[in-house]
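# Summary of structural features
Each chain, letter by letter, is given below.
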Amino acid sequence: MDVNCKGKVSFDEYKTIVSQRYANDKMFNSFDRNGDGNLDLEEVLVLHFVHNIYVMRWCSACTGSLPGLHFSCLTCEKNEPNTFDLCCSCYGEGKFEHHHPTSDFLDNHSMRNLLAPKMNTPQLRSPNNDHQDE
């Protein structure tokens, strides 16, 4: 990974260790939290988590990453990992084609709150529901 043994991972080194979907400067810069143009150990650990463990969602229209607020088709959610997700721009500007009506779309926070009780798993439960069983 750190080919030149400088204790940091450059953009060129980064591109050789990630999938093609992550191999762009926008994604690299999102991991480079201190903005020094390289990834230090902590930043590489975050990269490892996101690239290998966390299931990142991507906009089905523009193919951009969806690290924060986004919209998902509730009907398609049951087909995970083959969901239909949209960034706020594509959803808001109607820049997408989909076979389900827009009334089937929810933002990811509402989706989480809707599905968490059905899944009954601590990592999905809403923070407001932490003490309901007491």
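Description of the structure in this document. Computed from a predicted structure; not experimentally measured. (Residues numbered from 1 in each chain as written. Predicted model: local features only at pLDDT ≥ 70, side-chain atom pairs only at ≥ 80, totals over all residues. Heavy atoms only, no water.)

### A word on the packing of aromatic side chains
The full count for this structure, using the stated rule, is 10 aromatic pairs. On the basis of an interplanar angle of 10° and a centroid distance of 6.3 Å, the ring pair of tyrosine 91 and phenylalanine 96 is categorised as stacked. Exposure remark for tyrosine 91: the relative accessible area of 25% places this residue in the partly exposed category. With a relative accessible area of 18%, phenylalanine 96 lands in the buried category. With 5.8 Å between their ring centres and 45° between their planes, tyrosine 91 and phenylalanine 105 make a pair best called tilted. Of this pair, tyrosine 91 sits in helix α4 (residues 88-92) while phenylalanine 105 is found in strand β3 (residues 105-107), placing the two residues 14 residues apart along the sequence. Three or more aromatic residues joined by ring pairs make a cluster, and in this case those are Phe71, Phe84, Tyr91, Phe96 and Phe105. (Phe/Tyr/Trp six-rings, centres within 6.5 Å; stacked < 30°, edge-to-face > 60°. Buried < 20%, exposed > 50% of the residue type's maximum accessible area, 1.4 Å probe, protein only. Helix = DSSP H or I, 4+ residues; strand = E, 2+ residues; numbered from the N terminus.)

### What about the state of the cysteines?
Scanning all chains against the criterion turns up 0 disulfides. Left unpaired, cysteine 87 is separated from the closest cysteine sulfur, that of cysteine 90, by 3.5 Å. In this structure cysteine 87 comes out as buried when scored by relative accessible area, which is 15%. (Disulfide = S-S within 2.5 Å.)

### What to know about the environment of asparagine 29
Positionally, asparagine 29 belongs in helix α2 (residues 25-31). Residues asparagine 29 and phenylalanine 11, 18 residues apart in the sequence, show an inter-C-alpha distance of 9.0 Å.

### A word on the environment of glycine 7
Mapped onto the fold, glycine 7 is located in the segment before α1 (11-17). A relative accessible area of 53% means that glycine 7 is categorised as exposed. It is 9.5 Å that separates the C-alpha atoms of glycine 7 and asparagine 38, two residues lying 31 residues apart in sequence.

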